[in-house]
Every structure is written in C-alpha cells, then in structure tokens.
Amino acid sequence: MRTVSRLRPFGTTIFAEMSALAIEHSAVNLGQGFPDTDGPSSMLEAAQRAIAEGHNQYPPGIGIPELRHAVARHQLHHYGLDYDPDSEILITVGATEAIAGSVVGLVEPGHEVIMVEPYYDSYAATVAMAGGVRRTVPLIADGDGFRLDRSRLAEAFTPNTALIMVNTPHNPTGTVLSDDDLAEIAALCVEHDVIAVTDEVYEHLLFDGRVQRPLATFPGMRQRTLRISSAAKTFNCTGWKVGWVSGPADLVAAARSAKQFMSYVGSGPFQPAVAHALDNEMAWVHTSSAELATKRDLLSTALQDAGFGVHRSEAGYFVCADPRPLGYDDGAEFCRMLPERIGVAAVPVSAFVDDVEPWRHMIRFAFSKREDVIAEAARRLRHL
C-alpha cells in the first residue's frame with residue numbers, strides 16, 4: 001500500500017461500489033444522485049453555441065466575468081446577499097472542488113473541522129488532504145425526520161476549531177435545517193470566531209413550501225461564511241462540473257490559492273451556458289422542483305408499501321428508509337444484496353458517518369429519476 005495513510009480510508013467510494021453492482025445485475029440504480037433527464041433546452045443550446053464559437057480554451061482562473069456577474073445577480077435577487085463578482089466570487093470545477101479548495105486553503109494541519117453527521121463523503125476526504133481533524137455533530141430523530149443535536153454542537157467548538165461545514169438542504173437525509181438550528185450555528189461561529197463553509201447545492205430544490213435561508217444572512221455571518229453552490233443539481237447538468245464559491249474577499253482568496261493548483265480552470269464552454277441559465281431559466285427550476293416533490297412522494301409510497309420505515313424528505317434528491325421492519329438491521333449488507341435479489345440499487349447511510357451504530361440500518365434512495373424508472377423500482381421493491 002503506497003497511498004498515504006490519511007487517504008487510505010478513501011480508496012473506493014460507496015457510489016462506485018453500488019453502481020458496479022447495479023450494472024452487474026441490471027438493477028435500477030437509485031444509489032447515485034444524478035438525474036436522468038437534461039436541463040433547460042436554452043442552456044444546452046447556449047453551450048453548443050459556445051463550443052461552435054470557439055470558447056474551448058482556458059477561461060480566466062477565477063471564472064468568466066459573465067458567469068461571476070450572473071452568480072452575483074442571482075444571490076442578490078434571491079437572498080439579498082451582495083457579492084463583488086471580481087473579488088468575492090470564484091468559479092470552480094463543481095461544488096466538490098469548491099469544498100476542497102475552501103478546506104485546503106483555510107485549515108492548518110492539526111486544526112479541527114466540525115461536520116454534521118451524516119456528511120457528504122468528500123468532506124472527510126478533503127479534511128484529510130488538509131491534514132485537519134474532523135469532529136462530528138449528529139442529526140438526531142425528530143418524528144419522521146431529523147434535526148441538529150444542538151448540545152453536541154456546542155461541545156464540538158474548541159479553541160482549535162478552524163471551520164464548520166454546514167450542508168442544508170442536507171445530503172443524504174433531505175433535511176432542511178431550521179432557522180433555530182442555523183441561528184445556533186451562527187451564534188457559536190461568532191462566539192468562537194470560526195469560519196463557516198456552507199454547501200447549498202440543493203438550494204432551489206425544497207418541497208412543501210420551504211424556503212432556503214443561507215447561513216451567510218444571519219447576524220455576523222456574511223464576513224465569515226464561504227457559500228458554495230453549483231449548476232449541477234439546479235439545472236440537471238451534473239457532468240458539466242460548474243460550481244462557485246461566494247464570500248468575503250480574504251476567504252475566497254484562500255480557496256482560490258488551493259483551487260488554482262487542483263484544476264486551475266475547467267468547464268470553459270459550459271460557463272456561459274450556466275450564466276444564461278441563472279439569468280433566464282429559474283422558471284424551469286421551479287417546475288423541476290415541483291416534479292421532484294412528486295417523485296419523492298412516488299418513491300416514498302413505494303418504499304412504505306414494500307414494508308420499509310420511511311423518513312421525511314424536505315428537499316434535494318434523496319429519501320432515507322429503514323429496512324428493520326423487513327428483518328434487516330445492517331444497511332450496508334442489505335444494499336450489497338439488493339441489486340442481485342430484486343434488481344434495485346441504493347446506498348447505506350453508514351458510509352457517510354464516523355459513528356456507525358445509530359445509522360447502521362439506514363438506506364438512502366435517490367428519486368431524481370424519470371417517473372417510469374421509479375415505477376419500475378416500485379414494482380421490483382414489492383418482491384421484498
């Protein structure tokens with residue numbers, strides 16, 4: 001084993017493992033969170049024009065002005081957050097690079113990073129790349145949903161805390177953190193002078209009348225928050241890898257210092273297309289969000305009919321289910337046998353935590369698929 005010790009736990013992702021099983025057994029893949037339909041046609045046409053018109057070389061390292069200004073307009077319109085597109089916005093190769101650049105650029109070796117558990121798997125890997133130490137705060141049961149364990153949150157802040165990573169809407173549980181939870185995070189960040197990095201890639205995919213409240217809008221947080229989002233989930237273009245970081249100039253500069261030696265630049269012809277979509281296709285996004293809510297309901301009902309316990313999904317692409325009523329208490333084992341047994345793939349939530357025991361049974365299913373795909377998965381799930 002030649003891989004450095006801090007990265008050995010991250011050799012193969014759970015998504016690669018479950019997707020391989022799905023292919024092997026011709027399973028309906030509800031494991032990896034990507035849509036199977038394209039985004040708005042005018043955005044696709046804008047990308048085609050950009051390619052035809054020669055936008056195929058390196059764009060500026062911080063992103064093309066057209067996209068940086070579109071991101072700035074978008075955040076001012078939706079949240080009242082006023083960012084300077086020339087110094088406070090950085091275009092990245094997807095939100096994953098935005099996360100990595102922020103963590104590597106801001107965390108000294110040995111300093112601590114607080115993460116809400118379960119966490120998106122790249123968080124732990126990027127903390128390891130920075131030589132940081134992760135401290136986790138769990139979500140806990142709240143009826144059929146989840147909420148933040150605020151007592152554990154307060155305990156997690158120490159003099160050695162460099163930053164906290166906040167993901168809302170949350171992957172994998174579909175939880176939208178309440179204003180009270182966000183206010184508590186903000187108060188602790190201000191009290192301990194801690195930076196927040198917020199992953200808000202599902203910011204426009206909220207259900208049942210919920211609205212996004214960025215942590216950067218809370219008192220004292222504009223100057224200490226790096227806000228991350230991307231085009232991937234908003235506009236159904238996960239393969240384009242166009243993301244962005246917004247925040248105070250000094251924090252964005254720290255992220256840029258790391259990011260420029262990760263990819264330097266990317267997504268050249270897609271950047272003008274995303275700028276077009278941000279300015280012109282939010283009506284398409286609202287329709288897409290409503291369709292996702294319908295698909296959530298279809299899959300949740302199918303899982304209930306199959307005998308699962310089903311948790312509330314408030315946003316995003318995912319619903320979490322409990323197979324214990326079916327006689328299974330090990331979610332990872334269950335997910336490994338599911339593709340062969342009935343031809344459906346999912347992922348175990350235990351892959352996204354440090355403290356496995358409370359989450360050992362939980363499974364995440366993606367509903368970001370066509371309705372006929374979900375219907376076929378429902379038919380197969382009945383065989384359980």
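Residues numbered from 1 in each chain as written. Predicted model: local features only at pLDDT ≥ 70, side-chain atom pairs only at ≥ 80, totals over all residues. Heavy atoms only, no water.

### As for the overall build of the protein chain
Item 1. When its secondary structure is counted, the protein chain shows 13 helices and 14 strands.
Item 2. Relative to the globule expectation of 21 Å for 384 residues, the C-alpha radius of gyration of the protein chain, 20 Å, shows essentially globular dimensions.
Item 3. Seen along its three principal axes, the alpha-carbon backbone of the protein chain occupies a region of about 55 × 55 × 50 Å.
Item 4. Here the protein chain, with 384 residues, has 58% of them falling under the buried criterion.
Item 5. Within the protein chain, residue pairs in contact and separated by at least 24 positions form 75% of the contacts whose partners lie at least 6 positions apart.
Item 6. Counting only carbon and sulfur atoms, one obtains 49% of the accessible surface of the protein chain, whose full area is about 15,400 Å².
Item 7. Positive and negative charge centroids in the protein chain, built from 33 and 48 side chains respectively, lie 3 Å apart. (Helix = DSSP H or I, 4+ residues; strand = E, 2+ residues; numbered from the N terminus. Rg over C-alpha atoms; globule rule 2.2 N^0.38 Å. Buried < 20%, exposed > 50% of the residue type's maximum accessible area, 1.4 Å probe, protein only. Contact = heavy atoms within 4.5 Å. Areas by Shrake-Rupley, 256 points an atom, 1.4 Å probe, with all protein chains shown as cover. Lys, Arg positive; Asp, Glu negative; His and termini not counted. Charge placed at Lys NZ, Arg CZ, Asp CG, Glu CD.)

### Some thoughts on a nonpolar patch on the surface
Item 1. A surface patch of nonpolar side chains, amounting to about 240 Å² of accessible area, comprises Val104, Met129 and Met262.
Item 2. Residue placement: methionine 262 occurs in the loop between helix H9 (249-259) and helix H10 (270-280).
Item 3. Judged by its relative accessible area of 38%, methionine 262 falls in the partly exposed class. (Patch = residues over 30% accessible without salt bridge, like charges linked within 9 Å, V, L, I, M, F, W, Y side chains within 5 Å. Salt bridge = Lys/Arg side-chain N within 4 Å of Asp/Glu carboxyl O.)

### What to know about the sheet that holds strand S5 (residues 145-148)
Item 1. One open sheet accounts for eight strands, arranged S2-S9-S8-S7-S6-S3-S4-S5; its pairing is mixed. Edge strands, defined here as strands with exactly one partner in the open sheet, are strand S2 (89-92) and S5. Shown here is a sheet whose adjacent strand axes are inclined to one another by a mean of 25°, direction ignored.
Item 2. Relative to strand S9 (residues 243-246), S2 runs antiparallel, the two being bridged by four bridges. Pairing of isoleucine 91 across the sheet is with tryptophan 244, part of S9.
Item 3. The strands that helix H3 (residues 65-79) touches are S2, strand S8 (225-230) and S9; relative to S2, the one it contacts most, it runs at about 115°. (Pairing = 2+ DSSP bridges. Axes fitted to C-alpha atoms, helices over the stretch in contact; angles between N-to-C directions.)

### So, the pattern of salt bridges
Item 1. Summed over all chains, the structure comprises 24 salt bridges.
Item 2. Put simply, aspartate 181 and arginine 150 hold a salt bridge, and the shortest N to O gap is 2.7 Å. Of this pair, aspartate 181 sits in helix H7 (residues 179-192) while arginine 150 sits in helix H6 (residues 150-156), and the two are 31 residues apart along the sequence.
Item 3. Residue aspartate 181 is classed as buried on the basis of its relative accessible area of 3%.
Item 4. A salt bridge links arginine 380 to glutamate 376; the nearest nitrogen and oxygen atoms lie 2.8 Å apart. Of this pair, arginine 380 and glutamate 376 both sit in helix H13 (residues 371-381), four residues apart, which is roughly one turn of the helix.
Item 5. Given a relative accessible area of 18%, arginine 380 falls into the buried group.
Item 6. Since its relative accessible area comes to 25%, glutamate 376 is described here as partly exposed.

### Section: the UniProt feature "domain: Aminotransferase class I/classII large" (unreviewed entry) in the protein chain
Item 1. When the UniProt feature table is mapped onto this chain, "domain: Aminotransferase class I/classII large" (unreviewed entry) is found at residues 28-381.
Item 2. Strand forms 18% of residues 28-381 and helix 41%; the C-alpha atoms that close the span are 10 Å apart. (UniProt positions renumbered as here; feature names shortened; annotations may be inferred.)

### Digging into unusual backbone geometry
Item 1. Following threonine 168, the chain continues to proline 169 via a peptide bond in cis, the omega torsion being -5°.
Item 2. Within the secondary structure layout, proline 169 lies in the loop between strand S6 (161-167) and H7.
Item 3. With omega at 25°, the peptide bond leading from asparagine 171 into proline 172 counts as cis.
Item 4. Position of proline 172 relative to the elements: it lies in the loop between S6 and H7.

### Some thoughts on the side chain of glutamine 75
Item 1. Position of glutamine 75 relative to the elements: it lies in helix H3.
Item 2. A polar contact of 2.6 Å, which involves the side chain of glutamine 75, links it to the side chain of arginine 227.
Item 3. When sequence neighbours within four positions are dropped, the list of residues in contact with glutamine 75 reads Gly80, Leu81, Tyr83, Ile89, Arg227 and Ser246. (Polar contact = N/O pair within 3.5 Å; in protein donor to acceptor, adjacent residues only side chain to side chain.)

### A short note on the packing of aromatic side chains
Item 1. The full count for this structure, using the stated rule, is twelve aromatic pairs.
Item 2. Relative to tyrosine 264, the ring of tyrosine 58 has its centre 5.8 Å away and its plane inclined at 80°; by these criteria the two rings are edge-to-face. With tyrosine 58 in the loop between helix H2 (41-52) and H3 and tyrosine 264 in the loop between H9 and H10, the pair connects residues that are 206 residues apart, well separated along the chain.
Item 3. Among the residues examined, tyrosine 58 registers a relative accessible area of 71% and is labelled exposed.
Item 4. For tyrosine 264, a relative accessible area of 39% puts it in the partly exposed group.
Item 5. Aromatic rings pair up to connect Phe308, Tyr328, Phe334 and Phe365 into one cluster.
Item 6. If you follow arginine 213 out to its NZ or CZ, it ends over the ring of phenylalanine 218, 4.1 Å from the centre.
Item 7. Over the face of the ring belonging to phenylalanine 318 we find arginine 364, whose NZ or CZ atom lies 3.6 Å from the ring centre. (Phe/Tyr/Trp six-rings, centres within 6.5 Å; stacked < 30°, edge-to-face > 60°. Lys NZ or Arg CZ within 6 Å of the ring centre and 35° of its normal.)

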